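Here's the letter readout for the chains.
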Amino acid sequence: MSISFSHRKKNPFVWIINSLNNFIAPPRCEICQSYLDLDNNKYEFICQKCFDLIPLAPQPDVIYNRLISNFDKDDLYINGAVSLFSMKENHNYMKAIYSLKYSGFSRIGSELGKELGRLIKFYNKINFDALVPVPIHHARKRERGYNQSEYIAKGISEIIGCPVKTDIIKRKKYTQTQTLLSKTERRTNVANAIVPYNKNMKLNGGSFLLIDDVLTTGSTLNSCAKILLSLGAKNVEVATLVYA
Ligand SMILES: [Zn+2]
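As a starting point, this report considers the structure included with it. Sequence positions are assigned chain by chain, starting from 1 and proceeding in written order. The predicted nature of this model means local features are confined to residues of pLDDT at least 70 and side-chain atom pairs, given and counted, to a pLDDT of 80 or more, with totals for whole chains, interfaces and linings taken over all residues.

The next point concerns the pairing of strand E5 (residues 207-215). Put plainly, a residue is buried at 20 or more neighbouring C-beta atoms within 10 Å of its own, exposed at 12 or fewer, and partly exposed in between, counting only other residues' C-beta atoms, which are placed from the backbone. A helix here means a DSSP run of H or I that spans at least four residues, while a strand means a run of E at least two residues long, and both kinds are numbered starting from the N terminus. Counting buried positions along E5 yields 8 of 9 residues, so the element is predominantly enclosed. Here, a strand pair is defined by DSSP locating no fewer than two bridges between the strands. Alignment of strand E2 (residues 130-133) against E5, held across 4 bridges, turns out to be parallel. The residue of E5 that forms the bridge with Pro133 is Ile211. In this structure, E5 lies alongside strand E6 (residues 235-243), joined through 8 bridges in parallel fashion. Paired with Leu210 across the strands is Val238, a residue of E6.

Below, the structure written as structure tokens:
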């Protein structure tokens, strides 16, 4: 279920629940902590002023060149990359994203996904057979209540009109969170963690866009891409909200 402003206005039940919630705990900007006027503010978690200050990610070729530099030539399975925001220098914004990731992300993930979708459209990267959210382990999904990548993918899908497929790959190992690991540790951490749902699935030369929240070294995305290619995909690119 996508909870956007239009949704809240259309569904009286959701509107009442949200109004009660907003009365008890008025929404604040996650970054500057100012109260949000939800009737005039585009997002439920960040004020327009702070949103406009989030640094944008570099052009896709810059992002992709860094990916290339992270892998051996024969070990990169990704053909292109696009990200919306750049969070490298600005610690405050990064903190805000992580607080969202583990708490209120479900509410705004698809809204930001739509922004990313518009960027993907802008770069004319729209000829994909499916969007594939990077999977999290089912135990973590249970603990967190959602997979953030699926919400982002849902938003992108609304803009570029491409189906979201969550039944191609899964995560079999319960890997610890990537955020605190070094480059080498991340690589070991994700090795063999991503597997196909069904080894006999045939992707018939299709083109796929992998979706994740943050792009760091790209190890997880690359493992996913490798599996998609092994199932017969012809082209795999990636899209993330944040380039870190
Ligand atoms: Zn703010």
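To continue, consider the nonpolar core. Grouped together as the largest cluster of nonpolar side chains are 55 residues, with contacts concentrated most on Leu131, Val132, Leu210, Ile211, Cys224 and Leu228. Looking at this core, the elements that each hand over two or more residues are helix H4 (60-70), strand E1 (81-86), helix H5 (91-122), E2, helix H7 (148-160), E5, helix H9 (219-230) and E6. Among the domains, domain 1 (1-53) and domain 2 (55-243) are the pair contributing at least three residues each to this core. Note on definitions: a nonpolar core is a set of buried residues drawn from Ala, Val, Leu, Ile, Met, Phe, Trp, Tyr and Cys, linked by C-beta atoms within 7 Å. Start and end points for every domain follow an automatic or database-based domain assignment.

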